Amino acid sequence: ELTGRGIRAARSLLRDAPAADCIVVVEEFLAAGLAFWALLRQAKVPIVSIRSRLSWLAPSTGLARMIIGTLLRQEHNVVISPVEADIGQRRFSLNSQHLSFHTFGVDVQFWRPGTAAQEFVLCVGDSFRDHPTLLRAAEEIDAPVLIVSGQKLPEPIPANVTVRTG
């Protein structure tokens, strides 16, 4: 049903935007719908899909992987990590014409898996964050907690919590 809605929404979008230079999409079902219409040669403009997780689209069955790969090759896919770019190349046979990776300002050389000198909790951002719950839980956490937020956080701030705003 969700894919069907993506196909219908994409058709409506293509009808409403005939003079667009390109379409940039971040919603997976709409991206799939646009790819479907592009496969049928009904999309006359380039499609760019910004994807956070190609790995979620990597099913184990060969037929599903082939269908998804065919749809992905109808668009240019922007992923946010070299790991996801590797998945796109290996699992879906995407080349540079269909795949690129953009860090959105994150230093991927600094922020990479490794071992920390000290265990800590890091919370960055404000969207979909429940700072009051985190502050209450921090009292039970036996590690430093660093919160980077653009908002003023509610008092009291536990002793093991450092807040950076701005």
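Just so it is clear, the model here is predicted, and its values are computed rather than measured.

Colleague: Looking at this model, I keep getting lost on the sheet that holds strand S2 (residues 47-51). Mind explaining?
Modeller: Strand pairing in a sheet is mediated by backbone hydrogen bonds. Such pairs are either parallel or antiparallel. Strand order in this open sheet of 4 strands is S1-S2-S3-S4, and the pairing throughout is parallel. Edge positions in the sheet fall to strand S1 (23-25) and strand S4 (99-101), since each has one partner strand and no second. The mean inter-strand angle of the sheet, taken between neighbouring strand axes irrespective of direction, is 20°. Relative to S2, S1 runs parallel, the two sharing 3 bridges. Each residue of the ladder has a partner; that of Val-24, found in S2, is Val-48. Across the sheet, helix H4 (residues 82-92) is in contact with strand S3 (76-79) and S4; its angle to S4 comes to roughly 170°.

Colleague: Honestly, the pairing of S3 in this entry has me stumped. Any pointers?
Modeller: On a regular strand, one side chain projects to one face of the sheet and the next to the other, so that they alternate. Sheet analysis places S2 next to S3, joined by 4 bridges and oriented parallel. When the sheet's bridge partners are listed, Val-48 is paired in S3 with His-76. Pairing between S3 and S4: 3 bridges, direction parallel. For Val-78, the partnering residue across the bridge sits in S4 and is Ser-100. One crossover worth recording links S3 to the parallel S4 by way of H4, and it is right-handed.

Colleague: Please explain the nonpolar core as it appears in this structure.
Modeller: Inside soluble globular proteins, nonpolar side chains tend to come together where they are buried. Counting residues in hydrophobic clusters, the biggest one holds 12 residues: Ala-10, Leu-14, Ile-23, Val-25, Leu-30, Ala-31, Leu-34, Trp-37, Ala-38, Ala-43, Val-45 and Ile-47. Secondary structure elements with two or more residues in this core: helix H1 (2-16), S1 and helix H2 (28-39). By residue number, the principal contributor to this core is H2, which donates 5 residues. When neighbours within four sequence positions are excluded, Ala-43 is seen to be in contact with Leu-14, Trp-37 and Ala-38.

Definitions and limits used
- Residues numbered from 1 in each chain as written.
- Predicted model: local features only at pLDDT ≥ 70, side-chain atom pairs only at ≥ 80, totals over all residues.
- Heavy atoms only, no water.
- Pairing = 2+ DSSP bridges.
- Helix = DSSP H or I, 4+ residues; strand = E, 2+ residues; numbered from the N terminus.
- Axes fitted to C-alpha atoms, helices over the stretch in contact; angles between N-to-C directions.
- Contact = heavy atoms within 4.5 Å.
- Right-handed = clockwise from strand over helix to strand, strands pointing away.
- Core = buried A, V, L, I, M, F, W, Y, C linked by side-chain atoms within 4.5 Å.
- Buried < 20%, exposed > 50% of the residue type's maximum accessible area, 1.4 Å probe, protein only.

Worth remembering: the numbers are spatial, not functional.
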